[in-house]
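Chain and residue survey
Chain residues, written in single-letter form:
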Amino acid sequence: MSRTSITAEPFDLELDPSTTALVIIDMQRDFLQPHGFGELLGNDVSLLRSAIEPTRAVLEAARAAGMLVVHTREGHRPDLTDCPPAKLTRGGKTFIGTDGPMGRILVRGEEGHDIIPELYPIAGEPVIDKPGKGAFFETDLHIILRNHGIRTLILCGVTTEVCVHTTVREGNDRGYECVVLEDCVGSYFPEFQEVGLKMIKAQGGIFGWVSNSEHAIKALAARPRRPAEEDAEPAGPAGPAGR
Ligand code: TIU
């Protein structure tokens, strides 16, 4: 155990990097680059780019701390059998599976479906392919986290009010402490970014905490307290130091 604390809202959270995972949600070309799913939906994808650099810095810190790093990708099988009709033909328009400059939209194995180069996974980092917005729905994320003894999730990615929110809500219900880093998540709608973050931390942290990349990097870089230091702590007024 090497506990540290992350400055967060609505209150600071104690965590142990060895039982904490960095979860990076859907930083895929299809959401962040032109001609992908996000742009086809009518969005200005440049709004998401501010999350890349802070996420890259946190990713570096998490790797240096030896933490579990998990990446997720939203997308479907090439035959689209895992895409519900209600998602495929939403509003009478079909984008998923159609051809674009980055390959078939939101289809696994295509260029647009993959993670942007700046945040590309390295060997040993699980990549969760998910058919829905939440990273727990119909995936093996929960068993992977449990097998690593994970209790706390630090979340980055896109978009704040869609896949990040859904994953945080799912994770919270499964008993994980979820910390969302506000500068590492992005939305196509500035007002949703603002209110999406407020919703997480309202009511005493109704389904999580909100922090930022600076606080996360500081917490992960903190020198862990060694067990000997913990043992040496005075037990109270009658403790060894007589305090
Ligand atoms: N459209 C939108 O805001 N988001 C998604 O469709 N997926 C994710 O958030 N990853």
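See the structure above.
Everything in this summary refers to the structure shown in the same document. The structure presented is a predicted model; accordingly, all values stated were derived computationally and were not measured.

About the criteria used
Residues numbered from 1 in each chain as written. Predicted model: local features only at pLDDT ≥ 70, side-chain atom pairs only at ≥ 80, totals over all residues. Heavy atoms only, no water. 1 Å grid on protein atoms, 1.4 Å probe; cavity = no way out; pocket = protein on both sides within 12 Å on 5 of 7 lines; lining within 4 Å. Points joined across faces, edges and corners; volume = space filled by probe spheres on them. Helix = DSSP H or I, 4+ residues; strand = E, 2+ residues; numbered from the N terminus. Nonpolar A, V, L, I, M, F, W, Y, C, P; charged D, E, K, R; others polar. Buried < 20%, exposed > 50% of the residue type's maximum accessible area, 1.4 Å probe, protein only. Arc of directions from axis to C-beta. Contact = heavy atoms within 4.5 Å. Near = heavy atom within 4 Å. Polar contact = N/O pair within 3.5 Å; in protein donor to acceptor, adjacent residues only side chain to side chain. Areas by Shrake-Rupley, 256 points an atom, 1.4 Å probe, with all protein chains shown as cover. Sits in = over half its atoms within 2 Å of the grid points. Phe/Tyr/Trp six-rings, centres within 6.5 Å; stacked < 30°, edge-to-face > 60°. Axes fitted to C-alpha atoms, helices over the stretch in contact; angles between N-to-C directions. Parallel < 35°, antiparallel > 145°, perpendicular 65-115°, else oblique.

1. Quick notes on the layout of surface pockets
- Space inside the largest pocket adds up to approximately 440 Å³.
- Lining of the largest pocket is provided by 21 residues; of these, Phe 37, Leu 41, Glu 74, Lys 133 and Val 162 occupy positions nearest its centre.
- Those elements that provide at least two residues to the lining of the largest pocket are helix H4 (85-88) and helix H6 (160-173).
- With three residues, H6 is the single largest residue contributor to the lining of the largest pocket.
- When its residues are assigned to classes, the lining of the largest pocket shows twelve nonpolar, two polar and seven charged.

2. As for helix H8 (residues 213-221)
- Taken residue by residue, H8 has Ser 213, Ala 216, Ala 219 and Leu 220 as its buried positions. The buried residues of H8 occupy an angular sector of 130° when the element is viewed end-on, so they sit on one face. Of the exposed residues in H8, the ones pointing more than 90 degrees away from its buried face are Glu 214, Lys 218 and Ala 221.
- On its buried side, H8 packs onto strand S1 (4-6), helix H3 (52-64), strand S8 (152-158) and strand S9 (177-186).

3. Notes on the site of the ligand
- Around the ligand, the structure places Asp 26, Phe 31, Phe 37, Leu 41, Glu 74, Lys 133, Val 158, Thr 159, Val 162, Cys 163 and Tyr 188.
- Glu 74 is positioned such that a nitrogen or oxygen atom in its side chain is 2.9 Å from a nitrogen atom of the ligand.
- For the ligand, an oxygen atom lies 2.9 Å from a polar atom in the side chain of Thr 159.
- When the ligand is considered free in solution it has 280 Å² of accessible area, and contact with the protein chains removes 92% of it.
- Taking a 2 Å distance to the grid points as the criterion, the majority of the atoms of the ligand fall inside the largest pocket.
- For the shell around the ligand, the class distribution of residues is seven nonpolar, one polar and three charged.

4. Here's the deal with the packing of aromatic side chains
- All told, the structure shown has four aromatic pairs when counted by the stated rule.
- With a centroid separation of 6.1 Å and 80° between ring planes, the pair formed by Phe 31 and Phe 37 is classed as edge-to-face.
- For Phe 31, a relative accessible area of 7% corresponds to the buried category.
- Geometrically, the ring pair formed by Phe 189 and Phe 192 is tilted, given 4.8 Å between the ring centres and 40° between the ring planes.

5. Overview of the packing of H3 against H8
- Two numbers describe how H3 lies on H8: the axes approach to 9 Å, and their chain directions differ by 10°. When the axes of H3 and H8 are compared, the pair comes out roughly parallel. The residues of H8 that touch H3, namely those facing Pro 54, Ala 57, Val 58, Ala 61 and Ala 62, are Ser 213, Ile 217 and Leu 220.

That's the geometry; what it means functionally is another story.
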